[in-house]
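Single-letter residue listing:
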Amino acid sequence: MPDNQAIPEAILEVVEPDGKRSQARITESPFLIGRASGNHLELADRHISRRSTAVIYAEGTFRVEDQGQRDGLFLNGRKVGVSSLREGDVISFGVDECVLLIFHRRKAQEKLPQVLSRLEQASALAPGTRDLRQLSLLLEATTLLNSYLSPQEVLGEMLDHALTLTDADRGLLLEATPGPGWRPLVTRHRKGLAFPMEDSAPSQTAIKRAIEERRSIIEEDTILADSSLRNAPSIVNQQLRSVVVVPLYGSPRFDPIEATRPKPAEELLGILYLDSRRASAFTQLARQILDALTAEAASVLERTRLLEMERKRQRLQQELEIGREIQQGLLPKAIKQFSFLELAGVSRPCFAVGGDYFDLKELTPDRVAFVIADVSGKGLGAALVTSLLQGSFVSGTPAQEPCQLFTHVNRFMCERSETTRFATAFLGLVDHLGHLEFINAGHHSPLLIRQGKVESPFVAECLPLGIFADADFTLSSASLRIGDTLILFTDGVTDALNIRNEQFGLERLLKAASANATASVQDLQTALVTAIDEFTHGAEQADDITLLILRYQTGESS
C-alpha cells in the first residue's frame, strides 16, 4: 500500500493475561505484530511468534493475516488465515494464558488512564492489593458508560470485569423475554472469548431461586450449599463449585391512570450469571463492587431497551404514515357531482390508518354506485381488509351482479383471512329516476331526510362480510323523491365518546341532521362533524369517523 494513503482511526486493545489493558494505534499497513523487535506492536509474551500477525488496510477494509504464528491465529475463537475485522473482534493466538487483542475501528476516548495506572501501581505495593485492583476495575467499568463503546460492548466489558473480580471461569448476561426463557446478550470465558449459548447450561436452580427471592445468589462453595442446589443436575454434571446469580432490575413504568394504586415492583430486565469449577471467596468490598457493576449493567440494559422501543415506535410510525398515505389515496380525491345527485363525504381515521372506507363509481351517465364499509378493529390489519374491499368495488361489476360481488368478497374473506376480522357494508345503486337498489350487510341503516323528517328505513337484511362463507346476500329496492337526502355513516360516529365516557349516539345524530335538513350537503356534513367534535371535545378519538351524504335532486335524465 502506498505510504501516503490515509489509514482510518483504528486501535488494538491489548489485554494481558492478568487483565491489564493498553492500547496501540494502527498507524501503518501492514501493521506487524510479534515478539521480536522491529514489529509495530511488540508483545513480550513467549506464546507469540517472533513475526506473528499483520493487520492490513486495503480497499476501505481492515483485515488480519497469519504471518507465522506457531499455534495458529484465531478470530473470535475460530482459526483463520486471513479475515476481515469488525468492531469488537477478538484476536487470540491459540493458547491459554496468552495476550488477547481487541480491534476497534473508532478512536477510543480517554478512560482515566492515569488514575487506573496509579491504582495498578499502588495495588502492587500497598496492602489491600486485591481491593485496590477491584476498585480500579469498578472505575474503569463506570467510565465505559460514557465511552465510545456501544451498549453491547459495554455489557461485554462489564462481564469481563465481573469475571476478573470473581475469578470465575465463565459468565453470561441474559435478557428477560416477554415469554418464558432468556435471550443471551453476552457470553464470556475468563480470557474474554465468547462461547455458544447452547454450551452454557447455567444452573436453572440458582437462577430460579434468585428470581423468586429477588436477591443475589452468591455460593462460594456449592459443597456447603443446601441439598437442592448442591444436588442440582447442572451443578453435579459440570462439577461447579461456585455460582453467582445477580438479577438485574429496572425502574417500574409510571402510568398516570394507575398512579393511585400501589407501586409495582421493579421490572426484571435480565440476569448476570457466573460460575466456576473452583471454590471462591469474596471480601465485603468485592460484593459491594459486584453490586455496583450489576447496577450499572441494569442501567445500560434499561437504556438500551428504551432506545430499541423508541426505534421500533419510530419505524412503526413511519410504516403507519406510509399506510395512511396509501389508504387516503384509495378514497375519492374529489367527489364528482352528477346532474341528479349532490354529494359530500369525509373519512377521519383515529390512528394513522383506519378500517373505514367509502367510494363512488359512475356506472353510466344516468347511474351511480356508492358504498360505505366499516372493518372491525383499527390500524394496519383493518386497513388491509379495507384495501381488499376497495379493490373489489373498483374492479367488480356492481351494476350487473351486486349480490355475486358480495358473495365473492365474503367467501374470500372467510377462506383467505388468517384473522377474525369482519366488515359491515352498505352498497347502493341509484339512477336518474330515483330508483335505488341496495344491499345492507350488517351496516347501520342510512338516515333518510324527507321533507324535514329523519328516518332509518334501510335496515340490515344480510350478515356482515367475513363471518360465514356460505352467507346469502339479497338486493332490496326503494324509490327516492326529489330533495331526499341519504346520510351514510360508520359506528365511529354514533360510538364517539366524550370525556365522561358517554356515546354521541343515534339520537344526537338524528337531532343534528334534523336541525340542518335544508342545508346543502356540504354544510350538512360540516354541521354533523362539528356536532361530534363539540360533544367529544377534550376526549381522544376512539374510532374512525366516516360520513357519505347523497341528495337526489332531479328526476330528469342527464
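The rules behind these values
Residues numbered from 1 in each chain as written. Predicted model: local features only at pLDDT ≥ 70, side-chain atom pairs only at ≥ 80, totals over all residues. Heavy atoms only, no water. Helix = DSSP H or I, 4+ residues; strand = E, 2+ residues; numbered from the N terminus. Buried < 20%, exposed > 50% of the residue type's maximum accessible area, 1.4 Å probe, protein only. Contact = heavy atoms within 4.5 Å. Areas by Shrake-Rupley, 256 points an atom, 1.4 Å probe, with all protein chains shown as cover. Core = buried A, V, L, I, M, F, W, Y, C linked by side-chain atoms within 4.5 Å. Polar contact = N/O pair within 3.5 Å; in protein donor to acceptor, adjacent residues only side chain to side chain. Pairing = 2+ DSSP bridges. Axes fitted to C-alpha atoms, helices over the stretch in contact; angles between N-to-C directions. Parallel < 35°, antiparallel > 145°, perpendicular 65-115°, else oblique. Left-handed = near helix turned anticlockwise from the far one by under 90°. Salt bridge = Lys/Arg side-chain N within 4 Å of Asp/Glu carboxyl O.

Novice: In this structure, what is going on with the overall build of the protein chain? I would like to understand it.
Specialist: Helix and strand content of the protein chain: 12 helices and 26 strands. Within the protein chain, the proportion of its 558 residues that are buried is 47%. For the protein chain, restricting intrachain contacts to residue pairs at least 6 apart in sequence, the fraction spanning at least 24 positions comes to 63%. Just so you have it, the protein chain exposes about 28,000 Å², and 51% of that area is on carbon and sulfur atoms.

Novice: Can you help me understand the environment of T554 in this one?
Specialist: Examined against the element boundaries, T554 turns out to sit in the segment after β26 (545-552). What makes T554 buried here is its relative accessible area of 17%. In this structure, the C-alpha to C-alpha distance between T554 and S339, residues 215 residues apart in sequence, is 7.6 Å. Here T554 is in contact with S339, F340, H432 and I482, once residues within four sequence places are set aside.

Novice: In this structure, what is going on with the nonpolar core? I would like to understand it.
Specialist: Proteins that are soluble and globular tend to have nonpolar side chains buried together. Ranked by internal contacts, the top residues of the largest apolar core, which has 45 residues, are L341, F370, L486 and L550. Tallying contributions element by element places strand β19 (residues 367-375) first for this core, with seven residues. Not counting chain neighbours up to four residues away, the residues in contact with L341 comprise V368, V430, L550, R551, Y552 and Q553. Listed in part, the 25 residues of the second largest apolar core include A10, L12, F62 and C98.

Novice: Is there a simple way to think about the environment of E175 in this case?
Specialist: Within the secondary structure, E175 sits in strand β12 (residues 170-176). A relative accessible area of 15% means that E175 is categorised as buried. Residues E175 and L248, spaced 73 residues apart in sequence, show a C-alpha to C-alpha distance of 9.0 Å. Aside from chain neighbours lying at most four places away, what touches E175 is W182, R183, L185, L269 and G270. Side chain to side chain, E175 and R183 meet in a polar contact 2.3 Å long.

Novice: Mind showing me how you'd approach the sheet that holds strand β16 (residues 267-276) here?
Specialist: Note: strands within a sheet are paired through backbone hydrogen bonds, in either parallel or antiparallel orientation. Strand order in the open sheet made by the five strands is β13-β12-β16-β15-β14, with antiparallel pairing throughout. Edge positions in the open sheet fall to β13 (182-189) and β14 (217-219), since each of these has one partner strand only. Strand-to-strand twist of the sheet, defined as the mean angle between neighbouring strand axes without regard to direction, takes the value 15°. Across the sheet, helix α4 (residues 204-213) is in contact with β12, β13, β14, β15 (242-250) and β16; its angle to β15 comes to roughly 40°.

Novice: Help me understand unusual backbone geometry, please; the structure alone is not making it clear to me.
Specialist: Glycine aside, the phi torsion of most residues is negative, and most peptide linkages are trans. Cis geometry marks the peptide bond from S29 to P30, where omega comes out at 0°. Tracing the backbone through its elements, the reader meets P30 in the loop between β2 (21-25) and β3 (31-34). One non-glycine residue, Q239, adopts positive backbone phi at about 55°. With respect to the helices and strands, Q239 occurs in the loop between α6 (233-237) and β15. Assessed through its relative accessible area of 55%, Q239 is described here as exposed. The backbone phi angle of N501 is positive, close to 65°, even though this residue is not glycine. Considering the arrangement of structural elements, one finds N501 in the loop between α10 (491-494) and α11 (505-515).

Novice: Can you walk me through the packing of α11 against helix α12 (residues 521-535) in this structure?
Specialist: At their nearest, the axes of α11 and α12 sit 9 Å apart, and the two run at 140° to each other. On the basis of the axis angle, α11 is oblique to α12. Between α11 and α12 the crossing geometry is right-handed. Along its contact with α11, which presents R508, L509, A512 and A513, the element α12 presents L524, L528, A531 and F535.

Novice: What am I meant to see in the pairing of strand β5 (residues 53-58) here?
Specialist: Walk down a regular strand and you will see the side chains alternate between the two sheet faces. Of all six residues that make up β5, five are buried, and the element is covered over most of its length. Direction of pairing for β3 relative to β5: antiparallel, over a ladder of three bridges. Along β5, the bridge assignment pairs L32 with A54. Sheet analysis places β5 next to strand β6 (residues 61-66), joined by six bridges and oriented antiparallel. If you follow A54 over to β6, its bridge partner there is E65.

Novice: Help me understand the pattern of salt bridges, please; the structure alone is not making it clear to me.
Specialist: Charged atoms that come close allow side chains of opposite charge to pair. One pass over the full model with this rule turns up 16 salt bridges. With a closest N to O distance of 2.3 Å, E175 and R183 form a salt bridge. Its salt-bridge partner being R209, residue D226 comes within 2.8 Å of it at the nearest N-O pair. Taken together, the positions of D226 in the loop between β14 and α5 (227-230) and R209 in helix α4 put the pair 17 residues apart, joining distant regions of the chain. Taking the relative accessible area as the measure of exposure, R209 reaches 15% and is therefore buried. Among the charged side chains, a salt-bridge network with shared partners connects D167, D169 and R278.

That is the geometry; function is a separate question.
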